[in-house]
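# Breakdown of the fold
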Amino acid sequence: MSSDTMRPAIVRSYAATPKLLSRHDRRMSNEFTLSCVALFIMSPPLFAADQSGQRFDSTAFPQPPRSLDRHRLRADTPAVGHLVHLNNAGASLPPQQVTERVIAHLRLEEQIGGYEAAERVAEEWENGRKSLAQLIGGQSEGIAIMESSTAALHKVLSTVPLHSGDRILVAGAEYAGTVLPLLQLTRRMGVQLDFLPDGPDGTVDADELSRQLRTPTRMVFAVHAPSHNGLINDVIAIGAATRAAQHQPWYVVDACQSLGQLPIDVSQIDCDFLLASGRKYLRGPRGTGVLCVGPRALAELDAFPLDVRGGTWARARDVEIDPTAVRFENYERSVAAGLGLMAAADYAHQIGIGAIAGAVARNAEYLRSHLGGLADWRLLDRGKRRSGIVVVRSTATPPGEIVSSLRRERVNLHVVPATSNPRELGDQPALRISPHAFNNQADLDRALDLLANFSS
Ligand SMILES: Cc1ncc(COP(=O)(O)O)c(C=O)c1O
């Protein structure tokens, strides 16, 4: 929590020079850490994340997926009374339990002070970390609460030791926010960035990845569900190919659009890092994200740069590092937003990820099947398995005009800029419709009726 007294026990320490470290010095210091740090062994996760309606019961046996309680979902989402929100890949509508948890904590801060309020919710905070871990099949020791997925990515990139000439492989459907810093690294330090050739359906072909990984590779990035295309990458098969590679690349999964939408099990994905946003399908507040750190990364990497939450200036020249993924966190954060994120994880457990995934997929397929029948519209989605993200183009009307027009009718859609992934979108933006489980058929029909006005 945001109090020094709340810090979990620190078990590792290594000497660091207090002067500003160059990247080379830092690498040396990382290598020294490597030799000093004992293996941190995490026990395997005990259950798949989509099954539990129970909070914090990591020993629960898998339950069959529940049917969706859409009545409850809509009752908990007051805006559905006046709004058709189909921009859940941008930011979803939080359930009222989430908003209330955020406001209640802000009120507590107002009444007793921010540090004091954080101490009071310390136990809830750690329980919330467990709830998030359960949602992705991980252990709470591996969970860092972040401000966004991009903040998590940046911490990963500054932590993994990279050298000139190191090769980094990314999926073709990668998000611009991931590719941008990697492109910078090609210029700043001479790493080599290669895009994986797409399989026939636009997803990463694991066999091709295995072939690519015969060449030494430092990192592999795979986006689970891209935001500019409805495909779903098989991150488990990508993980298996990456693990089998001789050179042991670090494997990073972008689960921004899949957290809260699809079952995720990091024990099967076998990634070193999984990054996700809180505000999208999980329905948490803005300004929240999750980083899940795997056992190898916890054992071998120190998290750079540390702040006073993740590390301690113990003696004059000693750095002690938190043994858990907390080392990746920042001391200053919105505790209220973090509690809202955890309330969103609890809510997803209560509704059931299996039930949510089924409803989102049905809603998206309903939209696809009807849009496919409209003149002047072209579906851009690829992939054998598809997510809740429906991306289309009208040959007649620019997406910005369509979004503005529907917003006036209280229907929220989104323009995906071409810069989201110019390799796949070219230089033209597209229209994104991203339903959630709380959307009912009336919502979808309302949007389809309005979109039909843009057909000839
Ligand atoms: C696929 C994907 N990855 C990463 C991000 C970045 O997430 P955040 O805004 O939480 O940093 C987004 C945001 O839209 C995204 O769609």
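Here's a quick rundown of the structure. (Residues numbered from 1 in each chain as written. Predicted model: local features only at pLDDT ≥ 70, side-chain atom pairs only at ≥ 80, totals over all residues. Heavy atoms only, no water.)

Attention now goes to the sheet that holds strand β9 (residues 289-293). A sheet is described by the order of its strands in space; here 7 strands give the open sequence β3-β9-β8-β7-β6-β4-β5, paired in mixed fashion. In this open sheet, the two edge strands, each paired with only one partner strand, are β3 (143-146) and β5 (192-195). Neighbour-to-neighbour, the strand axes of the sheet open up by a mean angle of 20°, direction not taken into account. On top of the sheet, helix α5 (residues 122-135) reaches β3 and β9; it is set at about 110° to β3, its chief contact. (Pairing = 2+ DSSP bridges. Helix = DSSP H or I, 4+ residues; strand = E, 2+ residues; numbered from the N terminus. Axes fitted to C-alpha atoms, helices over the stretch in contact; angles between N-to-C directions. Contact = heavy atoms within 4.5 Å.)

With that out of the way, let us pick up helix α13 (residues 353-371). Between the first and last C-alpha of α13 there are 27 Å, a value that for 19 residues agrees with the 27 Å anticipated at 1.5 Å per step. Along α13, the residues classified as buried are Ile-353, Gly-354, Ala-355, Ile-356, Ala-357, Ala-359, Val-360, Asn-363, Ala-364, Leu-367, Arg-368 and Leu-371. (Expected span 1.5 Å × (residues − 1). Buried < 20%, exposed > 50% of the residue type's maximum accessible area, 1.4 Å probe, protein only.)

Scanning the entire structure with this criterion turns up 3 aromatic pairs. Taken together through their ring pairs, the aromatic side chains of Trp-250, Phe-273 and Phe-328 make up a single cluster. Lying across the ring of Phe-195, Arg-423 places its NZ or CZ 4.1 Å from the centre. (Phe/Tyr/Trp six-rings, centres within 6.5 Å; stacked < 30°, edge-to-face > 60°. Lys NZ or Arg CZ within 6 Å of the ring centre and 35° of its normal.)

Moving on, we get to the nonpolar core. Ranked by size, the top nonpolar core spans 64 residues in total, and within it Leu-132, Tyr-251 and Leu-274 carry the most contacts. By residue number, the principal contributor to this core is helix α12 (residues 335-351), which donates 10 residues. Composition of this core by domain shows at least three residues from each of domain 1 (107-349) and domain 2 (353-452). Residues in contact with Leu-274, not counting those within four places in the same chain, are Ile-136, Val-253, Ala-255, Ile-264, Val-266, Ile-269, Val-290, Leu-291 and Cys-292. Counting 30 residues, the second largest nonpolar core, distinct from the first, contains Met-146, Leu-182, Trp-250 and Phe-273. (Core = buried A, V, L, I, M, F, W, Y, C linked by side-chain atoms within 4.5 Å. Domains from an automatic or database assignment.)

Our next topic: the site of the ligand. Lining the immediate environment of the ligand, one finds Ser-148, Ser-149, Thr-150, Tyr-175, Val-223, Ser-227, Asp-254, Cys-256, Gln-257, Ser-277, Arg-279 and Lys-280. Within the backbone of Ser-149, an N or O atom sits 3.0 Å from an oxygen atom of the ligand. Lys-280 has a polar side-chain atom sitting 2.8 Å from an oxygen atom of the ligand. Looking at the shell around the ligand residue by residue, the class counts come to 3 nonpolar, 6 polar and 3 charged. (Near = heavy atom within 4 Å. Polar contact = N/O pair within 3.5 Å; in protein donor to acceptor, adjacent residues only side chain to side chain. Nonpolar A, V, L, I, M, F, W, Y, C, P; charged D, E, K, R; others polar.)

Turning to unusual backbone geometry, a few remarks are in order. The linkage connecting Phe-304 with the following residue, Pro-305, adopts the cis geometry, with an omega of -5°. Positionally, Pro-305 belongs in the loop between α11 (295-300) and β10 (311-313). Of note in the backbone geometry, Gln-248 takes a positive phi value of approximately 55° without being a glycine. When you line up the elements, Gln-248 lands in the loop between α9 (235-244) and β7 (250-254).

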